[in-house]
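Examining the three-dimensional arrangement
In case you want the letters, here they are:
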Amino acid sequence: MKIGLVCEGGGMKCAYGAGVLDKFYDDHISFDYCVGVSAGSANLASYLAGQRGRNYRFYTKWLKDPEFYGKKAFLHSGDLFGLEYIYGTLTNSDGKDPIDYSAIQKNPAQFELVATKAVSGQPVYLDKSIMKQDDYRAIMASSAIPAACHPIKINGQAYYDGGVSDALPCKRALEQGCDKLVVITSKPRDFQKEPEAHKKLYTLMCHKYPKIVEALDYRHEMYAQQQAFLYQLEKAGKAFIFAPSYHLPTATTDLSIRHNDHLYNLGLYDYEKQRKALYEFMAR
């Protein structure tokens with residue numbers, strides 16, 4: 001039985017997933033295959049490195065660094081989110097909160113990060129082997145929100161956020177041989193994605209990549225289809241879902257430590273409520 005773990009993106013909303021992943025660590029729960037999108041891929045990296053609490057610091061401590069998000073990040077890099085700062089300066093071996101690169105590589109779990117090809121608008125699944133010590137462009141690529149960030153280049157190819165093309169990569173996990181999936185979403189079950197706001201802005205900012213603009217135009221439809229597929233898997237007994245059980249006022253770019261702390265703790269709470277059911281699901 002091959003069990004996969006799928007972690008949705010969602011910026012600061014992924015503080016919820018950070019809580020669930022820390023409980024997985026506490027209970028020594030591991031997976032054969034892990035796939036993450038955007039901030040979900042960053043969460044997975046710390047989880048697979050065995051660094052409990054590291055994700056929490058990025059949602060509560062480091063987000064107050066001026067280079068993390070906002071005016072200073074934009075002046076420094078041209079991006080609202082300082083991806084080079086978050087997944088470089090902070091994360092590198094000489095940074096304030098280095099990730100254990102060797103532990104990720106030694107972890108037997110297969111680990112893929114979803115990004116979107118800027119030219120085609122299609123998803124690409126970057127294997128952890130593409131990461132090198134102090135070179136975490138795979139995480140940056142998975143997290144590069146169109147219009148808010150420049151695309152990230154790896155081996156001459158430009159990539160944007162994986163959530164543009166494959167927000168809930170359950171089909172990818174099944175294609176990789178998983179029999180069952182544990183899925184951590186960043187939105188409550190009744191979430192309905194609306195068409196993207198700021199169409200004029202992202203059309204202007206991404207004019208070099210018309211397929212990205214097209215993907216953003218239809219992103220809400222893609223998301224609804226993937227949600228429906230996830231719930232079909234759940235009904236068939238092939239998926240176990242962790243989704244925020246309460247609506248909390250946390251946005252993608254929420255820099256409120258209090259809001260993110262509440263969402264993290266909701267992840268801890270929801271895990272405890274579902275622990276027995278999770279064990280039963282994984283044992284079947």
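Residues numbered from 1 in each chain as written. Predicted model: local features only at pLDDT ≥ 70, side-chain atom pairs only at ≥ 80, totals over all residues. Heavy atoms only, no water.

1. Quick look at the packing of aromatic side chains
Enumeration according to the criterion identifies 13 aromatic pairs in this entry. Each ring, one from Phe24 and one from Tyr47, has its centre 6.3 Å from the other, and the planes form 65 degrees; the classification is edge-to-face. In this pair, Phe24 sits in helix 1 (residues 15-26) while Tyr47 sits in helix 2 (residues 39-48), placing the two residues 23 residues apart along the sequence. For Phe24, a relative accessible area of 0% corresponds to the buried category. For Tyr47, a relative accessible area of 11% translates into the label buried. Ring geometry for Tyr246 against Tyr269: centres 6.5 Å apart, planes inclined by 35 degrees, an arrangement best described as tilted. With Tyr246 in the loop between strand 8 (239-242) and helix 12 (257-283) and Tyr269 in helix 12, this pair connects stretches of sequence that are 23 residues apart. A relative accessible area of 37% means that Tyr269 is categorised as partly exposed. (Phe/Tyr/Trp six-rings, centres within 6.5 Å; stacked < 30°, edge-to-face > 60°. Helix = DSSP H or I, 4+ residues; strand = E, 2+ residues; numbered from the N terminus. Buried < 20%, exposed > 50% of the residue type's maximum accessible area, 1.4 Å probe, protein only.)

2. Looking at unusual backbone geometry
One non-glycine residue, His28, adopts positive backbone phi at about 55 degrees. Considering the arrangement of structural elements, one finds His28 in the loop between helix 1 and strand 2 (33-37). Positive phi outside glycine occurs at Asn155, with the angle close to 50 degrees. Take Asn155: it is sitting in the loop between strand 5 (152-154) and strand 6 (157-161). On the basis of relative accessible area, Asn155 is assigned to the exposed category, the value being 68%.

3. Points about the pairing of strand 6
Most of strand 6 sits out of view: 4 of its 5 residues are buried. Alignment of strand 3 (residues 110-117) against strand 6, held across 3 bridges, turns out to be antiparallel. When the bridges of strand 6 are listed, Lys117 appears paired with Tyr159. Of the pairings in the sheet, the one linking strand 5 to strand 6 comprises 3 bridges and is antiparallel in character. Looking at the pairing, Lys153 lines up with Ala158 of strand 6. In this structure, the hairpin formed by strand 5 and strand 6 is closed by a connection of 2 residues, where Asn155 is found at a positive phi of approximately 50 degrees. (Pairing = 2+ DSSP bridges.)

4. Thoughts on helix 11 (residues 219-235)
The first and last C-alpha atoms of helix 11 sit 24 Å apart over 17 residues, in line with the 24 Å expected at 1.5 Å per residue. Considered for burial, the residues of helix 11 that qualify are Arg219, His220, Met222, Tyr223, Gln226, Gln227, Leu230 and Leu233. Relative to the axis of helix 11, the buried residues are bounded by an arc of 155 degrees and lie together on one face. Structural note: helix 11 exposes Gln225, Gln232 and Lys235 on the side pointing more than 90 degrees away from its buried face. Buried residues along helix 11 sit against helix 8 (170-175), strand 7 (180-184), helix 10 (210-217) and strand 8. Gly237 occupies a position one or two residues after helix 11 and carries a positive phi of about 80 degrees. (Expected span 1.5 Å × (residues − 1). Arc of directions from axis to C-beta. Contact = heavy atoms within 4.5 Å.)

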